[in-house]
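Single-letter residue listing:
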Amino acid sequence: MKLSHVSLTALLALAAATAVACASPTPAPTSASPAQANPAPASTIPQPAQSLAGQTITVYSGRAEDLVGPVIERFTRDTGVKVNARYGGTSELAAAILEEGRNSPADVYWAQDAGALGALAQKGVLARLPDSILTRVDKRFRSPKGEWVGITGRARVAAYNTKKLTEKDLPDSTFGFTDPKWKGRIGWAPTNGSFQAFVTAMRVVDGEAKTRQWLEGVKANGAKAYRNNTAVLLAVASGEVDVGFVNHYYLYAQLKEKGTSFPARNYYPRAGDVGGMVNVAGAGILATSKNKDAALKFVDYMLSSGAQTYFAGDAPGGDAYEYPLISGVPIHVELTPLSQIKTPDIDLSNLSDLEGTLKLLRDSGVL
């Protein structure tokens, strides 16, 4: 599922304002509301000490139902905890949580990207998770303050046509694609949420000016715009373009369908810049949850070897072959291990400013 093209920042701001304007009169709280900025830190949720069978939790899922529905059903079968799942866009669900405030029925927020989790964490909506959960995942892929944890990873890559190029022909850094020699040879999907998250990361790591230069440079090279990652990858394989900026897992669906002769492969920039960043789909537990034990069991389950294997394999829904974030889970034979990917030093919580990214994309003429 792609992120909404509506700004996450704008949605959160609107939701917060709506919550204030529409809230029913209630006695004045003794501490800051979870929807307010900079509240006192929430206490850590302890690990559940007893069976939770028969309990029910509500999960707000920005992940597609056809992908996560089967693993949620397994969770209920294995634990006895029932799940009411509300599916929708990641940013819209984040806005709904803020609008609902203390009355939100959500226990778990499962986001398609870390930026949305970071935005809610900044509003004080999420409780701190126990270290027993957090430490299963590399610190790159969890909140520095423990308010959310990555469930699966998605790497940015440059897909290339194997009939025209080898990895040696590709630049060390994604910034090398501004070289005029790439004129007429690049495909991208500027309206796609994963591309916009990548540009947001570039703004965070490299600054506004350098990001603008990259966008304008690739645009000057006549980059062809496509509607989504799949269309970019197919254009690469057909020879319509030589390279394209996509998420890693789209290739593996094509390899399964068309075999290893499919003439495209993934390249992770050798320089370790944002062109090879790994974003995550992750989860947090609401500070207002009335079912924190069962909610924690849910997050715990999604970081189990069984669930991680499900996401790393051929799951339905198009988001197969994601990176498991715990150790010991096998990955696709052609997939580069996370440990071998050079990634930029970035707090994924800081990828929430999509509004600024959209403005830059428009100002640079990309949108």
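Residues numbered from 1 in each chain as written. Predicted model: local features only at pLDDT ≥ 70, side-chain atom pairs only at ≥ 80, totals over all residues. Heavy atoms only, no water.

Quick notes on the overall build of the protein
And then number 1: Counting its regular elements, the protein contains twelve helices and ten strands.
And then number 2: Residues classed as buried in the protein amount to 56% of the 367 residues present.
And then number 3: Pairs at least 24 apart in sequence give 79% of the contacts found in the protein among residues at least 6 apart.
And then number 4: Just so you have it, the protein exposes about 15,000 Å², and 51% of that area is on carbon and sulfur atoms. (Helix = DSSP H or I, 4+ residues; strand = E, 2+ residues; numbered from the N terminus. Buried < 20%, exposed > 50% of the residue type's maximum accessible area, 1.4 Å probe, protein only. Contact = heavy atoms within 4.5 Å. Areas by Shrake-Rupley, 256 points an atom, 1.4 Å probe, with all protein chains shown as cover.)

As for the environment of E355
And then number 1: Positionally, E355 belongs in helix α12 (residues 354-363).
And then number 2: We classify E355 as partly exposed; its relative accessible area is 41%.
And then number 3: Distance in space between the C-alpha atoms of E355 and Q196 is 10.0 Å, their sequence separation being 159 residues.

Looking at the confidence of the model for the protein
And then number 1: Looking at the protein as a whole, the pLDDT averages 87, with 85% of positions reaching at least 70.
And then number 2: Taken as a whole, residues 1-7 scores under 50 in pLDDT and shows 27 contacts with residues more than four places along the chain or in a different chain.
And then number 3: Every residue in residues 13-43 is under pLDDT 50, and counting partners more than four places away or in other chains gives 30 contacts. (pLDDT = per-residue confidence, 0-100.)

Here's the deal with the pairing of strand β3 (residues 108-111)
And then number 1: Neither face of β3 is exposed, since V108 and W110 on one face and Y109 and A111 on the opposite face are all buried.
And then number 2: Sheet topology places strand β1 (residues 56-61) next to β3; three bridges connect them, and they run parallel. Counted as the bridge partner of V59 is V108 from β3.
And then number 3: Relative to strand β9 (residues 278-285), β3 runs antiparallel, the two being bridged by four bridges. Paired with W110 across the strands is A283, a residue of β9. (Pairing = 2+ DSSP bridges.)

A look at the packing of aromatic side chains
And then number 1: The final tally for this structure, using the stated rule, is 14 aromatic pairs.
And then number 2: With a centroid separation of 5.3 Å and an interplanar angle of 70 degrees, the aromatic rings of F75 and Y301 are classed as edge-to-face. Separated by 226 residues along the polypeptide, F75 in helix α2 (residues 65-79) and Y301 in helix α10 (residues 292-302) bring together distant segments of the chain.
And then number 3: A relative accessible area of 14% places Y301 in the buried class.
And then number 4: Here R86 stacks its cationic end above the ring of Y60, 4.9 Å away from the centre of that ring.
And then number 5: The lysine or arginine in question, K210, covers the ring of F175, its NZ or CZ lying 4.3 Å from the ring centre. (Phe/Tyr/Trp six-rings, centres within 6.5 Å; stacked < 30°, edge-to-face > 60°. Lys NZ or Arg CZ within 6 Å of the ring centre and 35° of its normal.)

Some words on helix α11 (residues 305-312)
And then number 1: The complete set of buried residues in α11 reads A307, Q308, Y310, F311 and A312.
And then number 2: Along its buried surface, α11 packs onto α2, β3, β4 (149-161), α10 and β10 (323-324).

Concerning the environment of A96
And then number 1: Within the secondary structure, A96 sits in helix α3 (residues 90-100).
And then number 2: Put simply, A96 and A106 are ten residues apart on the chain and 9.8 Å apart in space, counted from C-alpha to C-alpha.
And then number 3: A96 has contacts with Y60 and R86, leaving out every residue within four places of it along the chain.

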